[in-house]
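Secondary and tertiary structure notes
One-letter residues, chain by chain:
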Amino acid sequence: MPDWTAEIGKRIASLNLEKAREVNIVEELAQHLEDRYQELLAGGATAEDASRETIDELNDSGLLEHEIFQIERPSPPEPAGRNKRRLGGFVRDFWSDVRYGLRMLYKAPAFTMTAVLTLALGIGANTAIFSVVDSLIFRPLPIKDPDRLTVLAFRQGDGPLLTPFSIADFRDIRNGTTQVFSGMLGYQMGIDGLSVDSKAERLVTNYVTGNYFSELGIKPRLGRLILPSEGETLGANPVIVLSYLYWQKRFGGDPRIVGREVLVNGHPVTVIGVAPQGFYGLYRFVNAQAFLPLGMVTVESVPDDYMVNRIQQNLAVLGHLKPGVDLGTAGSALNVVARRLAEDHPETNKNMSLSVYWEKYSRPDPRFGGILVKASALFVVLVALVLLLACTNVANILIVRATSREREMAIRMALGAARTRLIRQLLTESMVLAFLGGVAGLLLGLWASSASGSINLHTDLPLRLEFGFNWHVFLYAFAAVLITGISVGLWPALRASAGRISIALRESGRSVMAGKHRLRTAFVVLELAGALMLLVMAGLFIRGLNRVQQTDLGFDPENVVNMSMDPAKIGYNGAQGLAYYNDLLRRAQVLPGVDSAALISSVPMAYYNNNDYLKVSGYQNPPGQGPPLVSYSVASPGYFATMRIPLVRGRAFTDRDLNGSPYVAIVNEAFAQRFWPGQDPIGKRFAKVSGITNPTYEIVGVTRNSRFQLLTGPIDPYFYLPLAQNYSLSSEETLQIRSSLGADATVRAVEAIVHDLHPAMPVYGIATMTDSLNNLQGFLAFRFGAAAAAILGGLGLILAVVGVYGVISYSVSQRTQEIGVRVALGAQRGDILRMILRQGARIVALGTLLGLAAAFSVARLAAGLFAGVSSADPLTYSCVTVLLTVVALSACYIPARRAMSVDPMVALHQE
Amino acid sequence: MQHKNAGGIPERELKKGSAELLILSLLEARPRHGYEVSQLIELRSKGALRFRVSSLYPLLYRLEKRGWIQGRWVEKAGQRRRRYYRLTATGAEVLSSQRRGWKTFVRAINQITRVTGPENA
């Protein structure tokens, strides 16, 4: 015979009842079980059967414990164990609710699938967008006090905001603001060749001030880092620190690298250490692969006065604010220094004003005016809207379900269930739904963000775009799930448990539904408004992309292949480099299928190019402004023909534009227009302000404007210099070949020539011109924005259509009898169709109006992200309105058809 | 396992309300112990209603806590002691009011079924 006492004791032991009470209960229940057991035996059952059946009396999924706990828990609030016990009861209730909820969901698979999928889309889109935003803005740099790090910028008069400072200015600013900054540092980005064992490779370098690593609190992974005493004197400290990734990639993580000599642009430097894993410099989107002391910019051929000449502006400057100092205070202190600099150095610093920004809100740098923050904010709002739509849809379904469960709830309340208990149970069910949706959504988001992180950026620069998941993203997703669960469940739960017992029991439920239907209709109106807003944003982004794609580039990118190289990176001097290029061009031009070939120092939309301050003859700098900063390229003869950039005046470069013959330049129309409006620029002269030698260039030709730097906005002045006269300005050139042979064949043929000329010459940046236009600088950002907005718009549209369909469909099913009566009284099918469509049209019209107003106000805030398309673009607004109206009315048409086919006899018999 | 009736309402919820009435009625005549109560319910309902230990005793304790019934250990010669429950004065009042309510409910149901019955036919 089983030990009944033990069986019962086991079950109620966890309740921590008063000992005497527990003993009594055990005894009483054991007595009962014993009686039952004996009765079963007497009835002819075997001992085994009797025992099993008796024990079964206790097996009721924890009901016994739960009920006894409810009854026996002490009512006065003071005892210490109470909270624990109460918590125990709560947890038990919670689990039983979760189990019950899961069962209910399992019993309605269609509903569950729809709801989970809807929520998954909403939560997935949110986590994906948030993980991108998080990585762009919220993720701090892995440095000491990232929250107090600021970026400096300056302006001269009304000129543009600039971030590169001269080293001399940096020193003065640092020394003059020690009361607000605890430390200030600078770095200058470079792209150099690093040769080991006579093999050169291009890498992104940072030339840093001596205090760079100590100020950022970076500890070496290996060896040592650059010291505060290093880097102040030009060319004095030939040392280099490798980044962790580069050390792994190039040297296989070999610890013996420390102390080894390598060549940077042909200059010997010693590897002194490796930076820690995770630290790749301060520029958010490009990984620095190696760090050198600032004074080592000599490897890039800079003038002797580089460290003191205030026109040599290349240094990005950042500083840690002292604790408690805000941006305003720092700004005032900076401008005291700026005024002093302007007085002391009027020729370079006239009307200088300084400004300071938080590093994390001004990525990639302050000149972009926080465009990332703006775009991020817009997308977070849009994607939250998608989640809102998803929640609205699910809440709508839950309301319908709540109606069908109203009787269940009413009866349970009649039987003594507390209202809070029912609300808790219904909320648990919706939380279970949200949780399932959340898990599916996280997976979806993980996939989407990894997909966006692996987009081809069409560059071999070490760009940093990892949109990984971290605890920020999980926290965000968790919050989204929590809010979703409560928002979709609370209202239906309150309604379902509202205690209208008598109504629910007495009536067929339709009168209870009437109010609910109004609520659902209101929900759908809001959904439509939200969808319209999402679609308008998508439309504006797509229009922006379209405009950008139709931009007249001013050159022909089709059938052109780019291949970059730099003879200096294998130690060639100027004469050798030029000879190399001449051989290369001569042989490439005669390849079969090749139309023409030329060399240029930077291709359109490249991530970097040359620029310089100019002294232009006959041009007076506007009052309060320094000399104009103009970008340029160094090109070989044949460049304009290869890129099909038309010459509007004068001549192109020829083989006679050599060292020793007069220095010449070709400018674009914008250059001519800016400096000599209304005059013939041929024969005019200008000179660069800085540089090792500053020859005066005579303009021999004017080209049509072509887009070299930005796809939108006005085209800036630009000029070209012949390669043979200016090799020292850019030994790195890109061979551009126009060929009918196809990219792969062309590349193979040229590579053969390159290696024949010098086997160790690294070739990089191999891409078709069309592909390289599709980078972040070019079309990619626009495509990315348009794609993301279009996906969100599509999601919004689908969700809204499902909502409209659901409401109209439900309304038709509720009005079946009324429709039957109408038909019986002589209404035509067409009348019924019109009636239902009218109902749908009212909802759609209301939603559209509301949506137009909302979209207009949000788009105005986001103006500037749409590539020049007006935020009130009438085409977008009208197309989107028509699209939404047509799709939403089609969704009404299906239930309307059903209404048309209502058989009056059947309908009237339904009650 | 949770037992369900046809309407999808957990059995325990249904019984909780009606079961109070049953137990109070059974204790009206004389005090009884739990096993006896369970047997009587099964017997008088001809097996249609059966309470398990896990639902019967919590209900008894609940009614006792409300003061509607009172339990007391009774020892009889040659037997193990048993806990007998008797109806209290409050319990008697509750019983009569519940009986009235039940009658009204049954009458209402009867009226409805009589009226609506033919229409459905």
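The model shown is predicted, which means the values in this text are computed figures rather than measured ones.

Let us now look at the overall build of chain B. Helices and strands together make up the secondary structure of chain B, namely four helices and three strands. For chain B, the sequential pattern of α-helices and β-strands runs α-β-α-α-β-β-α. Looking at the 121 residues of chain B, the share that counts as buried comes to 26%. Taking as baseline every contact in chain B between residues at least 6 positions apart, the subset at least 24 positions apart corresponds to 41%.

This part is about the overall build of chain A. Scanning chain A for helices and strands turns up 28 helices and 22 strands. Taking all 911 residues of chain A together, the buried fraction comes to 44%. Considering only contacts within chain A whose residues lie at least 6 apart along the sequence, 82% involve residues at least 24 apart.

All names here are of chain B. The strand order across the open sheet built from three strands is β1-β3-β2, with neighbouring strands paired in antiparallel fashion. At either end of the open sheet lies a strand with only one pairing partner, and these are β1 (32-33) and β2 (69-74). Pairing analysis gives two bridges linking β1 to strand β3 (residues 82-87), with the strands arranged antiparallel. In the strand pairing of β3, H33 is matched with Y84.

Right, let's get into the packing of helix α7 (residues 167-176) of chain A against helix α10 (residues 327-344) of chain A. All names here are of chain A. Put simply, α7 and α10 touch, their axes get as near as 9 Å, and they point 135° apart. Classified by the angle between their axes, α7 and α10 sit oblique to one another. Here the hand of the crossing between α7 and α10 comes out right-handed. The segment α7 lies against α10, with D169, D172, I173 and G176 engaging L334, V337 and L341. Its residues placed into classes, the contact of α7 with α10 shows four nonpolar, one polar and two charged.

Let us now look at the packing of helix α26 (residues 829-861) of chain A against helix α27 (residues 874-900) of chain A. Residues and elements named next belong to chain A. In contact at an axis separation of 8 Å, α26 and α27 are set at 150° when each is read in the N-to-C sense. As judged from the angle between their axes, α26 and α27 are roughly antiparallel. As for the relative orientation of α26 and α27, their crossing is right-handed in sense. Residues R829, I832, L833, I836, L837, G840, A841, V844, T848 and L852 of α26 form the contact with α27, whose own contacting residues are Y877, T881, L884, T885, A888, L889, C892, P895, A896, A899 and M900. Tallied by class, residues from the contact of α26 with α27 come to 16 nonpolar, four polar and one charged.

Residues and elements named next belong to chain A. Where strand β5 (residues 222-223) and strand β8 (residues 267-274) come together, two bridges link them in antiparallel fashion. From the neighbouring strand, L222 faces β8, where its bridge partner is V274. Judged from the four bridges that link them, strand β6 (residues 239-242) and β8 form a sheet pairing that is parallel. Within the sheet, the bridge partner assigned to L242 lies in β8 and is V274. In terms of strand pairing, strand β7 (residues 261-264) meets β8 through four bridges, oriented antiparallel. Considered in β8, the bridge of E261 is made with T270. Turn length for the β7-β8 hairpin, with the two strands adjacent in sequence and antiparallel, is two residues, and the turn residue N265 shows positive phi of about 50°.

Take the environment of G71 of chain B next. Residue and element names in this part refer to chain B. Tracing the backbone shows G71 in strand β2. Between the C-alpha atom of G71 and that of R86, which follows or precedes it by 15 residues, the distance is 6.5 Å. If sequence neighbours within four positions are ignored, G71 has contacts with E64, R83, Y84 and Y85.

Let's shift gears to the confidence of the model for chain A. All names here are of chain A. Averaged over chain A, the pLDDT score is 85; the fraction of residues at 70 or greater is 90%. Per-residue pLDDT stays below 50 along residues 76-82; that stretch engages in four contacts with residues further than four places along the chain or on separate chains. When the criterion is pLDDT under 50, residues 501-513 qualifies, and its contacts beyond four places in sequence or with other chains add up to 20 contacts.

It is worth spelling out the nonpolar core at this point. Residues and elements named next belong to chain A. In this structure, V386 and L528 are the most contacted members of the largest nonpolar core, which totals 155 residues. Top contributing element to this core by residue count: helix α17 (residues 510-549), with 19 residues. Counting the residues that make up this core, at least three belong to each of domain 3 (372-550 + 780-909) and domain 4 (560-772). Among residues more than four places away in sequence, those in contact with L528 are A800, V804, I843, V844, G847, T848, G851, L884 and A888. V151, F181, V271 and I272 belong to the second-largest nonpolar core, a separate cluster that totals 70 residues.

Before going further, it helps to examine helix α22 (residues 743-757) of chain A. Over its 15 residues, α22 of chain A extends 21 Å from the first C-alpha to the last, a length consistent with the 21 Å expected when each residue adds 1.5 Å. In this structure, the buried side of α22 of chain A is in contact with β12 (560-565), α18 (574-589), β21 (733-739) and β22 (764-768) of chain A.

Attention now moves to helix α2 (residues 34-44) of chain B. Residues and elements named next belong to chain B. Those residues of α2 that sit buried are G34, V37, S38 and I41. All buried residues of α2 lie within an arc of 95° about the axis, which places them on one face of the element. Where α2 terminates, the next one or two residues include K46, which has phi positive at roughly 55°.

Before going further, it helps to examine the environment of P628 of chain A. All names here are of chain A. Take P628: it is sitting in the loop between β14 (610-616) and β15 (629-635). Judged by C-beta crowding, with 21 C-beta atoms within 10 Å, P628 ranks as buried. C-alpha of P628 to C-alpha of K688: the two residues are 60 residues apart in sequence and 10.0 Å apart in space. Other than its neighbours up to four places away in sequence, P628 contacts Y613 and L614.

A few words on unusual backbone geometry. Residue and element names in this part refer to chain A. Backbone geometry places N559, a non-glycine residue, at a positive phi of 60°. Of the residues examined, N559 has 18 C-beta atoms within 10 Å and is grouped as partly exposed. The phi torsion at M605 lies on the positive side, around 60°, for a residue other than glycine. Note that M605 resides in the loop between β13 (594-600) and β14. Residue classification places M605 among the buried residues on the basis of 24 C-beta atoms within 10 Å.

For the rest of this paragraph, the subject is the confidence of the model for chain B. Residues and elements named next belong to chain B. When pLDDT is averaged along chain B, the result is 76, and 79% of the positions lie at 70 or above. Mean pLDDT values for the elements of chain B range from 72 in helix α1 (residues 11-29) up to 93 in β1. Throughout residues 116-121 the model reports pLDDT below 50, and contacts reaching past four residues in sequence, or to other chains, amount to zero contacts. For this predicted complex, the interface confidence reaches an ipTM of 0.83, while the overall pTM sits at 0.67.

All names here are of chain A. Along the polypeptide, A13 turns up in the loop between α1 (4-12) and α2 (19-42). A count of 12 C-beta atoms within 10 Å places A13 in the exposed class. Along the backbone, A13 and E65 are 52 residues apart, and their C-alpha atoms lie at a distance of 9.1 Å.

How each quantity is defined
Residues numbered from 1 in each chain as written. Chains lettered and ligands numbered in written order. Predicted model: local features only at pLDDT ≥ 70, side-chain atom pairs only at ≥ 80, totals over all residues. Helix = DSSP H or I, 4+ residues; strand = E, 2+ residues; numbered from the N terminus. Buried ≥ 20, exposed ≤ 12 C-beta atoms within 10 Å, placed from the backbone. Contact = placed C-beta atoms within 7 Å. Pairing = 2+ DSSP bridges. Axes fitted to C-alpha atoms, helices over the stretch in contact; angles between N-to-C directions. Parallel < 35°, antiparallel > 145°, perpendicular 65-115°, else oblique. Left-handed = near helix turned anticlockwise from the far one by under 90°. Nonpolar A, V, L, I, M, F, W, Y, C, P; charged D, E, K, R; others polar. pLDDT = per-residue confidence, 0-100. Core = buried A, V, L, I, M, F, W, Y, C linked by C-beta atoms within 7 Å. Domains from an automatic or database assignment. Expected span 1.5 Å × (residues − 1). Arc of directions from axis to C-beta.

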